[in-house]
Amino acid sequence: MLKEAKIKKICKRFGNDRTRMMDIVREIQQEFGYVPPKYYDLIAREANTHRVEVQSVVSFYTFLSDRKKGKIIIRLCEDIIDKMAGADEVAAAFERELGIAFGETTDDGKFSLEWTACIGMSDQAPAALANDTVLTNLTPEKVPEIIQALKKKADPQVLVTECGDGNNADQLIQTMVQNNICERGEVLLGDYDLEAGLRKAIEKTPEEVIEDVKNSGLRGRGGAGFLVGLKWEFTRNAPGEDKYILCNADEGEPGTFKDRVLLTERPDLVFEGMTVAAFAIGAQTGIVYLRAEYAYLRAFLEDVLNRRRAAGLLGNNICGKDGFNFDIRIQMGAGAYICGEESSLISSCEGMRGDPSDRPPFPAIAGYRVAPTAVNNVESYCCATRVMDKGADWFSGIGTEKSAGTKLLSVCGDCERPGIYELPFGVTVNELLKKVGAEDAAAMQVGGPSGQMINPSQFDRAISFEDLPTGGSIMVFNKQRDLLEVVEAFMEFFAEEDCGYCVPCRVGNVLLLNRLKQIRNGKGVTEDMDYLEKLGKATKRMSRCGLGQTSPNPILSTLENFRPIYTEVVRDNTSGLQKSFDVLEAMEQANEVTGRQSVLFHA
Amino acid sequence: MADKLKFTIDGVEVQAEHGQTILDAADAAGIYIPRLCAHPDLKPIGSCRICTVVVNGRPQAACVQPAAEGMVVENDTPEMLEHRRNLIDMMFVEGNHFCMFCEKSGNCELQAMAYRFGITAPQYPSQFPDKDVDASHPDVMMDYNRCILCTRCVRASQELDGKNVFQSIGRGFGRKIGVNGRQALGDTDLNVDDRAADPTICPVGCIIKKRVGFEVPIGERKFDHEPIGSEIEKG
């Protein structure tokens, strides 16, 4: 059997190793357009695992499927920012042109249409992926041309007629994505001396490197803000021969696209930082966990890695330093926001579903393959490289006392200049709004849906860990926007992306979303605000990982900062009946069975 | 290293072995911390969150959190009792639990937990999801309407039976327990004598042995006379 031979070959390419299940099923999906359940047994046998484990992985990730899909899958971003830019009209145009609805595949098996969560293109929305090819600034008018071109040649790359700036035009990227770098700071996007950080680091002892990173005050850029140097120290001191350096390039928080630009324009800075970390910690293996949405960067990044190997910056005896051996591989994700959570990311790297793990033990003690592991954000590694080159004092001199350095902000929504801004920590919201051209902003979402929505009276607050923390996502809304619609979109996102492992997050988010929908449908009562607040707090307090501990924030922060958006639509419940209960709707089934309408309750 | 470490639960001093979880130490001290996904013969995984306690100000699942010297644990507080009640309600509304028709009634840990918390009706709207019933196995059936995704069956099969009959599949609200067979439970190597099929492993009436229904009459079942947790509180 040809197909079986192909599957065996793919399994063999990954060493028949079940910890590479992500790669195995991704390749099979690429080959067949899906992962056929009839081969689960074969895959399990080849990779030395059980068929239900294969199913467990395939069913977890949105970019993997157990049903046959079109040769070209068009995934349109369903973020609120894309909706504001006209994604619904674009969607309607795709449906018209292909004669199918979203979630369906054309009869000829050529096209599938799907909605997808943020693809990291909020500054050039509406955006979509056609397989791995990014389509930006879509309009309904462009859609017929796109479909025609794809019908002529089933290769989405034909749609790239003009490349974006910088490395987006590189032979190995060739994308229409624009960097939209609006402001360069001195840490990340300014000029820098290639490899100077690494060369200075290896002149020191690993302990000195860690001391420098600690003294610099560098805190993790993913959002949580843990001290990077401390994390490295824990990992270094943890017992174990094998240690690992993981780079979190799974930026999935809606509205975040700063790592996209770093990976495009500063890949060496990222890899250099990982190498510095490897030296400090004593690790031999590094993994970059690259989100599936950024697959278009993969060939380019692999090439950079190869170049670094050839230049002696990766491999054995790096920079001539005896016994300093380290190499990096890229692990592709497959569409799961939760995998940005470090323990989920580790599970995913191990070829499993991305359920988070219990802590303790922390990854620094028992992470990837139960070995000591340092997981840091793309931007954190870039900062570490610069700390090595320019010194801890230089770095801690930028920003505020508790938030050292610059922060890369990705700004989108209702502003004149959406894009990337590298600004010192401590910049106020007002200053930022002036830079991006949004002085009439009515609301700002800081830190993505898991962050908070603030109102104009709070615009004098500062972007920093001690005041308004953000992993980078900044969304601006003007006064024309329906903020409850924004909140609903955010809750939809969490209900879609939670892993379902623990009860409060799995059920709480759905209950929150449902009640919010009722309120938006005009069926809300005053007590619903109290219901949302109590349920939101219970979900936050009882959830197992960062997702559920922050997912009620869109509701809780708007109840606090934008209470009128609720009070305007809910009404006092004077009848004592549950307004959300529609008795006629509830009677429908009974009417159908009895063949008549109820005597008491009828239209 | 001292022989035993000491910490407090609601102000009461409790001793623990090194490496022991808060839950196990509490059990040994005769303090009941409610739990559903934890089982004495299985590795804890902290998924139901019912056993959440506040440890030095932070919520932690007692079943997975190791006890530490001097730790201050809050268990029986109005806040935790309210949140646990919320979680029990959530489990009821996310499935289809009709106790009056269920063979597990009286032996069901979810039902017993609801009684312990004085719940007569859940405060949240029932979601009435469409769930399957799998009767393909000759000796064991699964009613997914009653599953609370505690994964005790998954762990029992792996840890006690040396098999891999069950595993979690899907994600979010659509998450469910999958079986290691082409279609259904009948295609797996589950044996009726496996611990995974034992009625004390499944806390609810999801995994049920065929042809033994109502062997013990209502009124004589495990939780008919004393609330869940009594055996621990009695020490």
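Residues numbered from 1 in each chain as written. Chains lettered and ligands numbered in written order. Predicted model: local features only at pLDDT ≥ 70, side-chain atom pairs only at ≥ 80, totals over all residues. Heavy atoms only, no water.

## Thoughts on the overall build of chain A
In plain terms, the rule: Each helix is a run of DSSP H or I of at least 4 residues and each strand a run of E of at least 2, with the numbering of both proceeding from the N terminus. In this setup the radius of gyration rests on C-alpha atoms only. A globule is expected at 2.2 Å times the number of residues raised to 0.38. Residue burial is assigned from relative accessible area. The probe radius is 1.4 Å, only protein chains are included, and a residue is buried under 20% of its type maximum, exposed over 50%, and partly exposed in between. Reported accessibility uses the Shrake-Rupley method at a 1.4 Å probe radius. Residues are deemed covered only where the shown protein chains occlude them. Counting rule applied: Lys, Arg positive; Asp, Glu negative; His and chain ends not counted. Here the site of a charge means NZ on Lys, CZ on Arg, CG on Asp, or CD on Glu.
Assigned secondary structure in chain A consists of 25 helices and 14 strands. Taking 25 Å as the expected radius of gyration for a compact globule of 603 residues, we find that chain A reaches 25 Å, a close match to that expectation. Based on the C-alpha atoms only, the size of chain A along its principal axes is roughly 90 × 65 × 50 Å. Burial statistics for chain A: of 603 residues in total, 60% are counted as buried. Split by element, the accessible area of chain A, about 23,500 Å² in all, is 47% carbon and sulfur. When the 71 positive and 89 negative side-chain charges of chain A are each reduced to one mean point, those points stand 4 Å apart.

## Section: the overall build of chain B
Rules: The contact definition used throughout considers only heavy atoms, calling two residues in contact when any of these lie within 4.5 Å.
When helices and strands are counted, chain B shows five helices and 10 strands. Relative to its length of 235 residues, chain B is compact, with a C-alpha radius of gyration of 18 Å against a globular reference of 18 Å. Across its three principal directions, the C-alpha atoms of chain B cover 55 × 40 × 35 Å. With 235 residues in all, chain B has 55% of them scored as buried. Taking as baseline every contact in chain B between residues at least 6 positions apart, the subset at least 24 positions apart corresponds to 64%.

## Quick notes on the environment of Pro 40 of chain B
Residues and elements named next belong to chain B. Looking at the element boundaries, Pro 40 is found in the loop between helix H1 (22-28) and strand E3 (52-55). The class for Pro 40 is exposed, based on a relative accessible area of 80%. The spatial distance from the C-alpha of Pro 40 to the C-alpha of Val 12 is 23 Å, given a sequence separation of 28 residues.

## Section: the packing of helix H20 (residues 503-520) of chain A against helix H2 (residues 78-94) of chain B
Two numbers describe a pair of packed helices, the interaxial angle and the distance between the axes. For clarity, the threshold we go by: Think of each axis as a best-fit line through the C-alpha atoms, taken over the contacting stretch in the case of a helix, with angles from 0 to 180 degrees between the N-to-C directions. Angles below 35 degrees are treated as roughly parallel, those above 145 as roughly antiparallel, those between 65 and 115 as roughly perpendicular, and all remaining angles as oblique. Should the near helix be turned counterclockwise from the far one by less than a right angle, the crossing is left-handed, whereas a clockwise turn marks it as right-handed. We call Asp, Glu, Lys and Arg charged. Ala, Val, Leu, Ile, Met, Phe, Trp, Tyr, Cys and Pro are nonpolar, and the rest, Gly among them, are polar.
Two elements in contact, H20 of chain A and H2 of chain B, have axes whose closest approach is 10 Å; the angle formed by their N-to-C orientations is 70 degrees. One finds that H20 of chain A runs roughly perpendicular with respect to H2 of chain B. Here H20 of chain A and H2 of chain B pass one another in a crossing that is left-handed. Contact residues: Val 503, Pro 504, Arg 506, Val 507, Gly 508 and Leu 511 of chain A in H20 of chain A; Leu 87, Met 90, Met 91, Val 93 and Glu 94 of chain B in H2 of chain B. In terms of residue class, the contact of H20 of chain A with H2 of chain B is built from eight nonpolar, one polar and two charged.

## Regarding the sheet that holds strand E9 (residues 373-377) of chain A
Residue and element names in this part refer to chain A. Put simply, the test is: We call two strands paired when DSSP finds no fewer than two bridges between them.
Spatially, the four strands line up as an open sheet ordered E8-E7-E6-E9, and their pairing is parallel. Strands with a single pairing partner mark the edges of an open sheet, and in this sheet they are strand E8 (327-332) and E9. Ignoring which end each strand starts from, the neighbouring axes of this sheet average 20 degrees apart. Across five bridges, strand E6 (residues 244-249) lies against E9 in parallel orientation. In the sheet register, Leu 246 faces E9, and the bridge partner there is Val 375. Sheet contacts for helix H13 (residues 298-310): strand E7 (285-290) and E8; angle to E8, the most-contacted strand, approximately 170 degrees.

## What to know about the pattern of salt bridges
All names here are of chain A. Heads up, the condition is: When a carboxyl oxygen of Asp or Glu is within 4 Å of a side-chain nitrogen of Lys or Arg, the pair counts as a salt bridge.
Tallying each qualifying case throughout the model produces 55 salt bridges over all chains. Here Asp 358 and Arg 544 are joined by a salt bridge, their closest N and O atoms 3.1 Å apart. In this pair, Asp 358 is assigned in the loop between helix H14 (342-349) and helix H15 (363-366) and Arg 544 in the loop between helix H21 (527-542) and helix H22 (546-550), connecting sequence segments 186 residues apart. Note that Asp 389 and Arg 386 form a salt bridge whose closest N and O atoms lie 3.6 Å from each other. Here Asp 389 and its partner Arg 386 are both found in helix H16 (residues 378-390), three residues apart, which amounts to about one turn of the helix. Pair check on accessibility: Asp 389 and Arg 386 agree, each one buried. One connected set of salt bridges, linked through shared partners, spans Glu 195, Asp 268, Arg 307 and Arg 308.

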